[in-house]
Amino acid sequence: MITEKKFPMTASGKQKLEEELDFLKSVKRKEVVERIKIARSHGDLSENSEYDSAKEDQGFLEGKIVSIESMIRNAVIITADELNTDEVRLGKTVTFKELPDGDEETYTIVGSAEANPIEGLISNDSPIAKALIGRSKGDQVKINTPGGEMSVTILDIK
């Protein structure tokens, strides 16, 4: 029996996924079906780039729907008890400073399904999060990133 991957996430992260899934199913799916219908009405499908494009978009959309459904079905919600700690954990927001004299950076560590680095949400599978998880305020941590090794000091954990 194959066990599906678990997706740790916050309750709000799961809610966002559920909202995205609803939008994809109720709005985007109808839009793609309408595009296919219009493209079919243009006649010969063998040389119809609009039809090919719409069918490709449909395949991508259906794949995304299946992926999000799997994430929701296999979600593991992070509880408040897991957040009641002074250690860096999933769901915690961490501020650190790159050594010797770098800028301060703040990230919230979330499951891969919620990750969005532009919004300051990094995956627990990322090199930064892996190095920080389990550490405490004041700790100096070496982080191996694709760009090379960096050292940081944890300034705050919320």
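Below, the structure is looked at part by part. These numbers were taken from a predicted model, which means no experiment stands behind them. (Residues numbered from 1 in each chain as written. Predicted model: local features only at pLDDT ≥ 70, side-chain atom pairs only at ≥ 80, totals over all residues. Heavy atoms only, no water.)

## What about the pattern of salt bridges?
Close approach of charged atoms lets side chains of opposite charge pair. Under the counting rule described, the total for this entry stands at eight salt bridges. The salt bridge involving Lys25 is made with Glu69; its shortest N-O contact spans 2.8 Å. Here Lys25, found in helix H1 (residues 11–40), pairs with Glu69, found in helix H2 (residues 49–73); they are 44 residues apart in sequence, far enough to count as distant. Since its relative accessible area comes to 34%, Lys25 is described here as partly exposed. For Lys158, the salt bridge is made with Asp156, and the minimal N-O distance between the two is 3.8 Å. Assessed through its relative accessible area of 24%, Asp156 is described here as partly exposed. (Salt bridge = Lys/Arg side-chain N within 4 Å of Asp/Glu carboxyl O. Helix = DSSP H or I, 4+ residues; strand = E, 2+ residues; numbered from the N terminus. Buried < 20%, exposed > 50% of the residue type's maximum accessible area, 1.4 Å probe, protein only.)

## Things to note about H2
When the terminal C-alpha atoms of H2 are compared, their 36 Å separation across 25 residues agrees well with the 36 Å that a helix rising 1.5 Å per residue should span. Buried residues belonging to H2 abut strand E1 (7–9), H1 and strand E2 (75–77). (Expected span 1.5 Å × (residues − 1). Contact = heavy atoms within 4.5 Å.)

## Section: the sheet that holds strand E6 (residues 140–145)
The strand order E5-E4-E3-E7-E6 describes an open sheet built from five strands, whose pairing is mixed. Each edge of the sheet is formed by a strand with only one pairing partner; in this case those strands are strand E5 (121–123) and E6. Across this sheet, the average inter-strand angle for adjacent strands is 45°, counted without regard to direction. Judged from the six bridges that link them, E6 and strand E7 (residues 148–157) form a sheet pairing that is antiparallel. Bridge pairing links Gln140 to Thr153 in E7. (Pairing = 2+ DSSP bridges. Axes fitted to C-alpha atoms, helices over the stretch in contact; angles between N-to-C directions.)

## With respect to the nonpolar core
Within the largest apolar cluster, 18 residues are counted, with the highest numbers of intra-cluster contacts made by Phe96, Leu132 and Ile143. The set of elements that each furnish at least two residues to this core consists of strand E3 (93–98), strand E4 (104–110), helix H4 (127–132), E6 and E7. Among all residues touching Ile143, those that are not within four sequence positions of it are Pro127, Ile128, Ala131, Leu132, Gly148, Glu149, Met150 and Val152. Counting residues in each nonpolar core, the second largest holds 16 residues, with Val32, Ala39, Tyr51 and Ile68 among its members. (Core = buried A, V, L, I, M, F, W, Y, C linked by side-chain atoms within 4.5 Å.)

## A look at the pairing of E7
Two strands pair when backbone bridges link them, and E3 and E7 are joined in this way by five bridges, in the antiparallel orientation. In the strand pairing of E7, Thr95 is matched with Asp156.

## As for the pairing of E4
Summarising the sheet, E3 and E4 pair through five bridges and their orientation is antiparallel. By the bridge assignment for E4, Phe96 is matched with Glu105. Pairing analysis gives three bridges linking E4 to E5, with the strands arranged parallel. Looking at E5, one finds that Val110 is bridged to Ser123.

## What to know about the layout of surface pockets
Over the atoms rolls a probe the size of a water molecule, and in doing so it shows where empty space is left. Of the volumes computed, that of the largest pocket is approximately 180 Å³. Forming the walls of the largest pocket are Ser12, Gly13, Lys16, Leu17, Glu20, Ala113, Glu114, Ala115, Asn116, Glu119 and Leu121. Looking at the lining of the largest pocket, the element that brings in the most residues is H1, giving five residues. When grouped by side-chain class, the residues that make up the lining of the largest pocket number four nonpolar, three polar and four charged. (1 Å grid on protein atoms, 1.4 Å probe; cavity = no way out; pocket = protein on both sides within 12 Å on 5 of 7 lines; lining within 4 Å. Points joined across faces, edges and corners; volume = space filled by probe spheres on them. Nonpolar A, V, L, I, M, F, W, Y, C, P; charged D, E, K, R; others polar.)

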